[in-house]
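# Observations on chain architecture
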Amino acid sequence: MNENLIVSVGDIYELKKAHPCGSKEFIVLKNGTDSTIKCLKCNHEILIDRVELKKRIKRVINKN
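Procedures and definitions
- Residues numbered from 1 in each chain as written.
- Predicted model: local features only at pLDDT ≥ 70, side-chain atom pairs only at ≥ 80, totals over all residues.
- Heavy atoms only, no water.
- Helix = DSSP H or I, 4+ residues; strand = E, 2+ residues; numbered from the N terminus.
- Rg over C-alpha atoms; globule rule 2.2 N^0.38 Å.
- Buried < 20%, exposed > 50% of the residue type's maximum accessible area, 1.4 Å probe, protein only.
- Pairing = 2+ DSSP bridges.
- Salt bridge = Lys/Arg side-chain N within 4 Å of Asp/Glu carboxyl O.
- Axes fitted to C-alpha atoms, helices over the stretch in contact; angles between N-to-C directions.

Scanning the protein from terminus to terminus reveals one helix and five strands. Helices (α) and strands (β) of the protein occur, in sequence order from the N terminus, as β-β-β-β-α-β. A globule of 64 residues ought to have a C-alpha radius of gyration of about 11 Å, and the protein, at 10 Å, matches this closely. Principal-axis analysis of the C-alpha atoms gives the protein an extent of 30 × 20 × 20 Å. Here the protein holds 64 residues, and 33% of them are scored as buried.

See the structure below:
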């Protein structure tokens, strides 16, 4: 399912593993070979490979 998912800037996703602050919700800030996502609880930005991000997505919260 997640392999066919199109990740775009502004989308909010719940990931399978929580960030150390406890939140599982992230917003996509930049997209490309590497994506930049931001934790919605503590505003920490994370650089992650696009393929790895698609594997970690549990569900779509808000599709832009």
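For the rest of this paragraph, the subject is the pairing of strand 2 (residues 25–30). Pairing between strand 1 (residues 12–15) and strand 2: three bridges, direction antiparallel. For Ile12, the partnering residue across the bridge sits in strand 2 and is Ile27. Hairpin geometry of strand 2 and strand 3 (residues 34–39) is characterised by an intervening segment of three residues between the two adjacent antiparallel strands.

Right, let's talk about the pattern of salt bridges for a bit. Counting across every chain of the model gives four salt bridges. Among the ionic pairs, Glu14 bridges to Lys58, the shortest N-O distance being 3.9 Å. Of this pair, Glu14 sits in strand 1 while Lys58 sits in strand 5 (residues 57–62); the two residues are 44 residues apart in sequence, bridging distant segments of the chain. When its relative accessible area of 12% is taken as the criterion, Glu14 is described as buried. Of the residues examined, Lys58 reaches a relative accessible area of 49% and is grouped as partly exposed. In this structure, Arg56 and Glu52 form a salt bridge, with 3.1 Å as the shortest nitrogen-oxygen distance. Of this pair, Arg56 and Glu52 both sit in helix 1 (residues 50–56), four residues apart, roughly one helical turn. In this structure Arg56 comes out as partly exposed when scored by relative accessible area, which is 36%.

Within the open sheet, the five strands sit side by side as 4-3-2-1-5. Their pairing is antiparallel. Of all strands in the sheet, those with a lone pairing partner are strand 4 (45–49) and strand 5, marking the two edges. The average angle at which neighbouring strand axes cross in this sheet is 40 degrees, direction not considered. Bridge count between strand 2 and strand 3: four bridges; the pairing is antiparallel. For Ile27, the partnering residue across the bridge sits in strand 3 and is Lys38.

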